[in-house]
Amino acid sequence: MNGVEGARTFRTPAEAYDRHIGRYSGELARALIDAAGVRAGDRALDVGCGPGPLAAELAALLGAEQVAAVDPSEPFTAACRVRLPGVRVEVAAAEALPFEDVAFDRALAQLALNFMSDPSAALAEMRRVTRSGGTVAAAVWDYAGEMTLLRRFWDAAVQEDPSAADHDEGRTMPFCSPDELRGLWAAAGLEDVEVSAVVVGAGYEGFEDLWGPFEAGVGPAGAYAAALPAARRAALKDGFRRRLGVGAEPFRLSARAWIATGRVA
């Protein structure tokens, strides 16, 4: 499953996403906003908004009327509209943004770049709608390294079935390393390109709290788990739990992301 195919797995209810990657989203959004230099008075665009965690942080800082958001998932955009009245939310692909040129001061994408059908075209669109001197920025997981939740999941999956490597996001996701991100930003004609690491965390009431969204088929990892026969899914669940070293007690996991920023000339 590549990034484009993985995007189809985000047709699940917003609440399931909240319990999965959404646990990390607020802290990551604040780090992305800080790295992008968003400040009061800016007009900002959230590209690939999902159910709205980044847009929510932007609206809290700038005011809802200063924020717009797009996502190709109708369930997610519907949830975003309900959660963030006053924010302009559109069903749209990143590769064809429904906005005029230089309409924004900052264009940001949180955990969406890897799922775009054409990241280069999407970045060109983000640049197009951002004013001269504005910032284009994105955050992506360190899928192959220190995104603990997903790395341990895929390690457990491959141990149970070596063919799971074909679905491992650490191997299939494009643009999830600093060098790849720098190259993509430079190819888009952005200047003063920087890529930095940020580590965020999420808390769980116990392993069953963590596992539930996988059963619901959220994201590529959830889609893989949900498609397994019951016996194989149970074996994966047990192996995953053992790799995390957790049980019924509350615990926290850390996750590293890369944040790329660039200035529109």
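This text gives an overview of the structure that appears in the document.

What counts, and where the lines are drawn
- Residues numbered from 1 in each chain as written.
- Predicted model: local features only at pLDDT ≥ 70, side-chain atom pairs only at ≥ 80, totals over all residues.
- Heavy atoms only, no water.
- Helix = DSSP H or I, 4+ residues; strand = E, 2+ residues; numbered from the N terminus.
- Rg over C-alpha atoms; globule rule 2.2 N^0.38 Å.
- Buried < 20%, exposed > 50% of the residue type's maximum accessible area, 1.4 Å probe, protein only.
- Contact = heavy atoms within 4.5 Å.
- Areas by Shrake-Rupley, 256 points an atom, 1.4 Å probe, with all protein chains shown as cover.
- Pairing = 2+ DSSP bridges.
- Axes fitted to C-alpha atoms, helices over the stretch in contact; angles between N-to-C directions.
- Salt bridge = Lys/Arg side-chain N within 4 Å of Asp/Glu carboxyl O.

A look at the overall build of the protein
Looking only at helices and strands, one finds 12 helices and seven strands in the protein. Over its C-alpha atoms the protein spans a radius of gyration of 18 Å, differing by no more than 12% from the 18 Å that the globule rule assigns to 265 residues. Taken along its principal axes, the extent of the C-alpha atoms in the protein is 55 × 35 × 30 Å. For the protein, the residues scored as buried account for 54% of the 265 residues in total. Sequence-distant contacts in the protein: of pairs separated by 6 or more residues, those separated by 24 or more amount to 76%. Total accessible area on the protein stands at roughly 10500 Å², and carbon and sulfur atoms take up 50% of it.

Some words on the environment of Gly245
You can see Gly245 is positioned in the loop between α12 (230-244) and β7 (251-263). Here Gly245 falls in the exposed class, since its relative accessible area comes to 64%. Taking the C-alpha atoms as reference points, Gly245 and Phe207, 38 residues apart in sequence, are found 9.6 Å from one another.

Things to note about the sheet that holds strand β5 (residues 130-141)
Sheet architecture is open: seven strands sit in the order β3-β2-β1-β4-β5-β7-β6, paired in mixed fashion. One side of each edge strand has no neighbouring strand; the edge strands of this open sheet are β3 (88-91) and β6 (191-204). Each strand axis lies, on average, 20° off the axis of its neighbour in the sheet, ignoring direction. Pairing analysis gives four bridges linking strand β2 (residues 67-71) to β3, with the strands arranged parallel. By the bridge assignment for β3, Ala69 is matched with Val89.

Here's the deal with the pattern of salt bridges
For the structure on display, the rule yields 21 salt bridges. One salt bridge connects Asp105 with Arg131, and the closest N-O pair in it is separated by 2.5 Å. Of this pair, Asp105 sits in strand β4 (residues 104-110) while Arg131 sits in strand β5, and the two are 26 residues apart along the sequence. Of the residues examined, Asp105 reaches a relative accessible area of 16% and is grouped as buried. It is possible to trace a salt-bridge network through shared partners that takes in Arg151, Asp155, Asp168 and Arg171.

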